[in-house]
Amino acid sequence: MNTTFPPATVGYGFAHRHLLGIEPLQPGEIAYLLDQAAAFADLAPGEAPDRLAGATVINLFYENSTRTRSSFEIAAQRLGADVVNMDVATSSVKKGETLIDTADTLNAMRADFLVVRHNQAGAVKLLSRKLDAHVLNGGDGKHEHPTQALADGLTIWRHKGRIDGLQVAICGDIRHSRVARSNLLLLQKMGASVRLVGPPTLLPRSYENLGARLYHRMEEGLEGVDIVMMLRLQVERMAGTFIPSGREFFRHFGLDRERLARARPDALVMHPGPMNRGVEIASDIADDLDQSVIREQVEMGVAVRMACFEALSRHRASPPLRAA
Ligand code: NCD
């Protein structure tokens, strides 16, 4: 692996109490997290230092999740923390408890870290203001999903030896995707050029203001790119009809062999999961280990979450004073 980027980090390079998104992070802080995560990725599971020994991590997921929740859980456990998964479906939230009351309850339990997934953009930030614990965003509405973008960034860096100067195409349902937003922010901060590809209904023009180039034809958007990142159609966030059908979507925007041939021969194929095979991606491409790094994205997800816990834990020595 070429390790010219990120540069070897000296000392501690992360200045936040919470991880709410990629937007507030400086490129040097992202490089620090990727660098730490790369080190964690090279350790066997039992070799990780128990930096979170004695700490309690609570996973509070108001939306479904397979990989993100279990990956936060595994990451915390590898660092020696106790982890509690709050099952929102059977919690007092279903009895009408407000987010603020939930925050008060969690404060009383003295959790050290709270990982939150919520369908409202901004809910995670609100909790971070009310809680003594460090808050990590596990995905908030259509807003941000920072640890997914970090996992994707680390996967890219490990394969390409850099992020700077790469051409990345993010394709599909951009409008409803927090993964697209966080990746766009991270990749641009780290010097990549980002193209967004999708039908006009799923690709708001406003993304141009964020510095991305927009394409409505896969054949053009994929021309010569180093990375092809596919997204799921987030039907659960669609109010109304945005596409005629899954089959029709695949005909125009699905990743098949012919379209992938437009990208560079050594292009990586990525997907944050969960995948809908035959809707946004052909099954044989998803499973083709010569180009698809989808499994590795999941593996790197654990390493970056360990790095995020570790970076935030350095603030634990001086917790905020509680109001009397
Ligand atoms: C993504 C999410 O929840 O935003 N999944 C994930 O965390 N790996 C993308 C999706 O649900 O399609």
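For the structure, check the block above.
Just so it is clear, the structure is predicted and the values come from calculations on it, not from any experiment.

Draft legend 1. Region of interest: the side chain of Asp-173. Looking at the secondary structure, you find Asp-173 in the loop between β5 (167-171) and α6 (178-189). Arg-175 is the oppositely charged side chain nearest to the buried, salt-bridge-free Asp-173, at an N-O distance of 6.2 Å. Side chain to side chain, Asp-173 and His-176 meet in a polar contact 2.9 Å long. At 2.8 Å, the side chain of Asp-173 and the backbone nitrogen of Gln-234 are in polar contact.

Draft legend 2. Summary view of the site of the ligand. In the neighbourhood of the ligand, the contacting residues comprise Arg-67, Thr-68, Arg-117, His-145, Gln-148, Arg-178, Val-179, Arg-232, Gln-234, Pro-272, Gly-273 and Pro-274. Between Arg-232 and the ligand, the recorded distance is 2.6 Å, taken from a side-chain N or O atom to an oxygen atom. Placement of the ligand is best described as lying within the largest pocket. Of all the elements in the fold, those that place two or more residues in the shell around the ligand are α2 (67-78) and α6.

Draft legend 3. Expanded view of the nonpolar core. Ranked by internal contacts, the top residues of the largest apolar core, which has 66 residues, are Leu-136, Leu-150, Leu-154, Ile-170, Leu-187, Leu-196 and Phe-309. If one sorts the elements of this core by residue count, helix α11 (residues 294-313) sits on top with 10 residues. Aside from chain neighbours lying at most four places away, what touches Leu-136 is Leu-19, Phe-72, Phe-113, Leu-114, Val-115, Val-116, Cys-308, Phe-309 and Leu-312. Val-197, Phe-249, Phe-253 and Ile-285 belong to the second-largest nonpolar core, a separate cluster that totals 27 residues.

Rules of the game
- Residues numbered from 1 in each chain as written.
- Predicted model: local features only at pLDDT ≥ 70, side-chain atom pairs only at ≥ 80, totals over all residues.
- Heavy atoms only, no water.
- Helix = DSSP H or I, 4+ residues; strand = E, 2+ residues; numbered from the N terminus.
- Buried < 20%, exposed > 50% of the residue type's maximum accessible area, 1.4 Å probe, protein only.
- Lys, Arg positive; Asp, Glu negative; His and termini not counted.
- Salt bridge = Lys/Arg side-chain N within 4 Å of Asp/Glu carboxyl O.
- Polar contact = N/O pair within 3.5 Å; in protein donor to acceptor, adjacent residues only side chain to side chain.
- Near = heavy atom within 4 Å.
- 1 Å grid on protein atoms, 1.4 Å probe; cavity = no way out; pocket = protein on both sides within 12 Å on 5 of 7 lines; lining within 4 Å.
- Sits in = over half its atoms within 2 Å of the grid points.
- Core = buried A, V, L, I, M, F, W, Y, C linked by side-chain atoms within 4.5 Å.
- Contact = heavy atoms within 4.5 Å.

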